[in-house]
Amino acid sequence: MELWAIVAPGKPLQKIEQADPVPQGTEVLIRVTHCGVCHSDLHLWKGEYDLGGGKKLNILDRGVTLPRAPGHEVLGEVVAIGPDAQGVKVGDKRVVYPWMGCGTCAVCARGEENLCDKPHAIGVIHHGGFGSHVLLPHPRYLFDYGTVDPAVAVTFACSGITVHSAIRKLGEIDRAASILLIGAGGLGFAALRMLQALGHSSVIVTDINPAKRDAVMAAGATAFVPAGPDLIAEVHRIAGGPPAACIDLVNNGKTTQTGLDVLGRGGKLVLVGVGGGEIALSTAGMIFRPRSIIGSATGSFADMTAVIELANSGKLKAVPVSCMARDHANQAMERLEHGEVTGRIVLV
Ligand SMILES: [Zn+2]
Ligand SMILES: [Zn+2]
């Protein structure tokens, strides 16, 4: 197998060759046909996350070893199975649930491996879809994506379930209530599509780049408001008051503060991105104007099942995807880093 791998933080990915793994026990070997490129891949490539207050989290302290092929949105064909792998056969085309946990704790047992304390994520701790093959420990990570275009279905593994999980955290919310989305990148578009699929009729989108307006409005957003000093007043004017909720898909501290400040009493802020940074929180202010701040990391098996069902029912419209050859992995990362991408780049 060949891998486009991170060999040193921030240095160009290098193509390396390794022997094809032979699946043992319940293991399954996938030949990768599609791999979405995510902002988290950029963070992994740069080697660190900004935790705010001048603190950084180095990926090597997160259990990552190099070289590592990134890519956690993986879709492909089963090419070999271990003797104990059941419910799967060679030739099956499946999308991979990449947020593997230990597989044995109570959290994993209830299908929330993304919340396990011992993460084993594909494309982070194990080689991901920037390689020609991915080895999985068990067939339970494989999901039948039905009749959906594989270049779209591959995005369910991260962006799809991440936004579904974030929206689920809003709880029971009036479908007509206004929701503000911060960020019109891959996750922002996915969130807009998911809210529409779930019947939400008032979605306002903001982004630092005013050029995103046309694409956001063409996708059916209620309004687009560029980031700036008038953002909160403008959102209140359009929504007829504070929005019921805000999902911050950038979460760089500045956007997070905006997300908190834009809300009124009872509002919910869900944090999704790993932009880094920090916010000032008036503790008494959280009583006089009570709001919830909820962190959300990827999604569960149930989110994966729900997103695939929504897509196959026709309710979930596809996010824009542009395909690039895997051998252009470095250019794909650069395009994403420079904000040149609307929707998702998919390596094929
Ligand atoms: Zn991702
Ligand atoms: Zn676990």
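Residues numbered from 1 in each chain as written. Chains lettered and ligands numbered in written order. Predicted model: local features only at pLDDT ≥ 70, side-chain atom pairs only at ≥ 80, totals over all residues.

1. Points about the overall build of the protein chain
And then number 1: The number of helices and strands found in the protein chain is 11 helices and 17 strands.
And then number 2: Taking 20 Å as the expected radius of gyration for a compact globule of 348 residues, we find that the protein chain reaches 20 Å, a close match to that expectation.
And then number 3: Reported as C-alpha extents along the three principal axes, the dimensions of the protein chain are approximately 60 × 45 × 40 Å.
And then number 4: Expressed as a percentage of contacts within the protein chain between residues at least 6 apart in sequence, the contacts between residues at least 24 apart total 70%. (Helix = DSSP H or I, 4+ residues; strand = E, 2+ residues; numbered from the N terminus. Rg over C-alpha atoms; globule rule 2.2 N^0.38 Å. Contact = placed C-beta atoms within 7 Å.)

2. Some thoughts on the environment of Arg-265
And then number 1: Of note, Arg-265 is situated in the loop between α8 (254-261) and β14 (268-271).
And then number 2: Residue classification places Arg-265 among the exposed positions, given that 9 C-beta atoms sit within 10 Å.
And then number 3: Discounting residues that sit within four places of it in the chain, Arg-265 has contacts with Arg-289 and Pro-290. (Buried ≥ 20, exposed ≤ 12 C-beta atoms within 10 Å, placed from the backbone.)

3. Section: the domain arrangement of the protein chain
And then number 1: What the domain assignment reports for the protein chain is domain 1 (2-158 + 298-347) and domain 2 (163-295).
And then number 2: Computed from C-alpha coordinates alone, the two centres of domain 1 and domain 2 are separated by 27 Å.
And then number 3: Counting residues at the interface gives 26 residues for domain 1 and 17 residues for domain 2.
And then number 4: Each residue belonging to the side of domain 1 that touches domain 2 can be placed in one class, and the counts come to 10 nonpolar, 11 polar and 5 charged. (Domains from an automatic or database assignment. Nonpolar A, V, L, I, M, F, W, Y, C, P; charged D, E, K, R; others polar.)

4. What to know about the sheet that holds strand β10 (residues 179-182)
Think of a sheet as strands paired side by side through backbone hydrogen bonds, with each pair either parallel or antiparallel.
And then number 1: Pairing within the open sheet is parallel, and its 6 strands lie in the order β12-β11-β10-β13-β14-β15. Of all the strands in the sheet, just β12 (223-226) and β15 (292-295) have a single pairing partner and so form its edges. Pairs of neighbouring strands in the sheet enclose a mean axial angle of 20°, with direction left out of account.
And then number 2: Of the strand pairs in this sheet, strand β13 (residues 245-248) and β14 are connected by 4 bridges, and their pairing is parallel. Directly across from Asp-248, in β14, lies its bridge partner Leu-271.
And then number 3: Docked against the sheet, helix α5 (residues 186-197) engages β10, β11 (203-207) and β13, running at close to 175° with respect to β11.
And then number 4: The sheet strands contacting α8 are β10, β13, β14 and β15, and the helix crosses β13 at an angle near 170°. (Pairing = 2+ DSSP bridges. Axes fitted to C-alpha atoms, helices over the stretch in contact; angles between N-to-C directions.)

5. Description of the environment of Gln-331
And then number 1: Counting through the fold element by element, Gln-331 comes out in helix α11 (residues 329-337).
And then number 2: For Gln-331, a count of 12 C-beta atoms within 10 Å corresponds to the exposed category.

6. Quick notes on the packing of helix α1 (residues 39-46) against α11
And then number 1: For the pair α1 and α11, interaxial distance at closest approach is 10 Å and the crossing angle is 105°. For the element pair α1 / α11, the angle class is roughly perpendicular. Contacts between α1 and α11 involve His-39, Asp-41, Leu-42 and Trp-45 from the first element and Met-333, Leu-336 and Glu-337 from the second.
And then number 2: Residue classes in the contact of α1 with α11 are distributed as 4 nonpolar, 1 polar and 2 charged. (Parallel < 35°, antiparallel > 145°, perpendicular 65-115°, else oblique.)

7. Observations concerning unusual backbone geometry
Outside of glycine, negative phi angles account for most residues, and trans bonds account for most peptide bonds.
And then number 1: Look at the link from Leu-66 to Pro-67: it is a cis peptide, with omega at 0°.
And then number 2: One non-glycine residue, Asn-251, lies in the positive phi region at around 55°.
And then number 3: In this fold, Asn-251 is placed in the loop between β13 and α8.
And then number 4: Accessibility expressed as a C-beta count within 10 Å gives 24 for Asn-251, which makes it buried.

8. A word on the environment of Ala-109
And then number 1: One can find Ala-109 in helix α2 (residues 106-109).
And then number 2: For Ala-109, a count of 11 C-beta atoms within 10 Å puts it in the exposed group.
And then number 3: Considering only alpha carbons, one finds Ala-109 and Ala-153, 44 residues apart in sequence, at a separation of 25 Å.

9. With respect to the packing of helix α4 (residues 159-168) against helix α10 (residues 301-312)
And then number 1: Two elements in contact, α4 and α10, have axes separated by 9 Å at closest approach and are oriented at 105°. Taken together, the axis directions place α4 and α10 in an arrangement best described as roughly perpendicular. Within the contact between the two elements, α4 uses Gly-160, Ile-161, His-164 and Ser-165 and α10 uses Asp-303, Met-304, Ala-306 and Val-307.
And then number 2: Of the residues belonging to the contact of α4 with α10, the class tally is 4 nonpolar, 3 polar and 1 charged.

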